[in-house]
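# Residue-level structure breakdown
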Amino acid sequence: MKKFVICMFALFAFAATGANAQTDNDASKTRKEMLAERKEIRKASKAELDTKAVKQARKEAKRLKKEGWKTSPGAIALEKQLDKSYLMQMEYDEDLYPKYIMAEAVSVGGNYDAAKMQAMELAKISLAGQIQTEVTALIENSVSNKQLGNDEAVSVTKSIMAAKNLISQSLGRTIPVMECYRLTANGNHEVLVRIAYNGDMAKAAAKRAIQEQLESEGDAFQKKLDEILGW
C-alpha cells in the first residue's frame, strides 16, 4: 500500500495507502462518484470497518518488513502504527467528508534525522495537493449545478492552483501516524513517514489561501464561494 509520494493525492480522500493511495484514485473521479463511494463506506458497521482496517494493516506490515523496512528501537511496532493509520482513514464525518487527510512520503539522507525532516516536508506538500484536488472537484460540481458561471469557475480554479504553496504554508500541526526506515546499499537512511491532518483544519487552510488569491474579486464573490464550498 505504500505509495512513496514525492509530490501530490486527491483532496480529502483516503489515499489507498502509502499515504493514502486513495488520493490518486480520487483525482480521476467526479465529486458524485467520490460521495457515492464514501456513502458505501458509511453503511458498513464500525466493527466491519475496524476488522477490514486491521487486516489491511497486517498485510501491509508484512510486505514492508519483507522489503526491509523497520522501526527505530523503542518505537511503536509497525503493525500498531498501521492499525492506527487505517482506522483513521476509515473515519468520515456526517457530511461524508474524511475526518483526516492522510499523506505519505519517503526521502533518503546521509543520516536519519535529515531524511525524516525532508520526508515530512514532502508529505505536507502532498497534503496541500490533496486539498487542491478536492476543492477543484467542488468547483467543477458547482458549475454543473449552475452555482457558478464558467468564467467564475475558471478564475477560482486558477486561484486554487496558484495557492498550493500558500496552503502548504498554512498547515498547522500534523499528526505523525507512521514512521519507519531502512538502510540503502550505500549506507544512507531511507525514511518513510505517513502523517494525518484534521479535515476541518485542512478546509480552513484552503479557505485562507484561496481568499488571499481572490482578494481582488470582492466580498460578494467570496461569500458566494464560501456558500458553495460549505465554509
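Described below are features of the structure shown in this document. This is a predicted model, so every value here is computed, not measured.

So, how was this worked out
Residues numbered from 1 in each chain as written. Predicted model: local features only at pLDDT ≥ 70, side-chain atom pairs only at ≥ 80, totals over all residues. Heavy atoms only, no water. Helix = DSSP H or I, 4+ residues; strand = E, 2+ residues; numbered from the N terminus. Buried < 20%, exposed > 50% of the residue type's maximum accessible area, 1.4 Å probe, protein only. Areas by Shrake-Rupley, 256 points an atom, 1.4 Å probe, with all protein chains shown as cover. Pairing = 2+ DSSP bridges. Core = buried A, V, L, I, M, F, W, Y, C linked by side-chain atoms within 4.5 Å. Contact = heavy atoms within 4.5 Å. Salt bridge = Lys/Arg side-chain N within 4 Å of Asp/Glu carboxyl O. Axes fitted to C-alpha atoms, helices over the stretch in contact; angles between N-to-C directions. Expected span 1.5 Å × (residues − 1).

### Topic: the overall build of the protein chain
- Along the backbone of the protein chain there are nine helices and three strands.
- Of the regular secondary structure in the protein chain, the N- to C-terminal order runs α-α-α-α-β-α-α-α-β-β-α-α.
- For the protein chain, the residues scored as buried account for 48% of the 231 residues in total.
- Within the structure as shown, the protein chain displays about 11400 Å² of accessible surface, and the carbon and sulfur contribution to it stands at 52%.

### Some thoughts on the pairing of strand S1 (residues 100-109)
- Burial of S1 is extensive: eight of the ten residues sit out of reach of the surface.
- Where S1 meets strand S3 (residues 189-198), ten bridges bridge the pair, whose relative direction is antiparallel. Looking at the pairing, Val108 lines up with Glu190 of S3.

### Some words on the environment of Lys62
- By the secondary structure assignment, Lys62 is in helix H3 (residues 46-66).
- Between the C-alpha atom of Lys62 and that of Leu78, which follows or precedes it by 16 residues, the distance is 9.3 Å.

### Side note on the nonpolar core
- In this structure, Leu127, Ile131, Val135, Leu171 and Val191 are the most contacted members of the largest nonpolar core, which totals 26 residues.
- Among the secondary structure elements, those contributing two or more residues to this core are S1, helix H5 (112-144), helix H7 (164-170), S3 and helix H8 (199-213).
- No other element matches H5, which puts nine residues into this core.
- Once residues within four sequence positions are removed from consideration, Leu127 is found in contact with Ile101, Met102, Ala103, Leu171, Thr174, Ile195 and Tyr197.
- Grouped together as the second largest cluster of nonpolar side chains are eleven residues, Trp69, Val106, Cys180 and Leu192 included.

### Section: the pairing of strand S2 (residues 175-183)
- Sheet topology note: the S2/S3 ladder contains eight bridges and is antiparallel. Its bridge partner lying in S3, Ile175 is registered against Ala196.
- The turn linking S2 back onto S3 is made up of five residues, and Gly187 within it adopts a positive phi angle of 90°.

### Details of the pattern of salt bridges
- Per the counting criterion, the structure on display carries nine salt bridges.
- Between Glu67 and Arg63 there is a salt bridge; the shortest N-O distance is 3.2 Å.
- Put simply, Glu79 and Lys65 hold a salt bridge, and the shortest N to O gap is 2.5 Å. Placement of the pair is Glu79 in helix H4 (residues 78-89) and Lys65 in helix H3, with a sequence separation of 14 residues.
- Put simply, Glu60, Arg63, Glu67, Glu104 and Arg194 are held in one network by salt bridges that share partners.

### Here's the deal with the sheet that holds S2
- Strand order in the open sheet formed by three strands is S1-S3-S2, with antiparallel pairing between adjacent strands. Single-partner strands in this sheet number two, and they are S1 and S2. Put simply, the sheet's adjacent strands are angled 15° from each other on average, direction ignored.
- Lying over the sheet, H4 contacts S1, S2 and S3, oriented at roughly 140° with respect to S2.

### So, H4
- Given a rise of 1.5 Å per residue, twelve residues ought to cover 16 Å, and the 17 Å separating the end C-alpha atoms of H4 matches this to within 8%.
- If you check which residues of H4 are buried, you get Leu78, Gln81, Leu82, Asp83, Ser85, Tyr86, Met88 and Gln89.

Everything listed here is a matter of geometry and, on its own, says nothing about what the molecule does.
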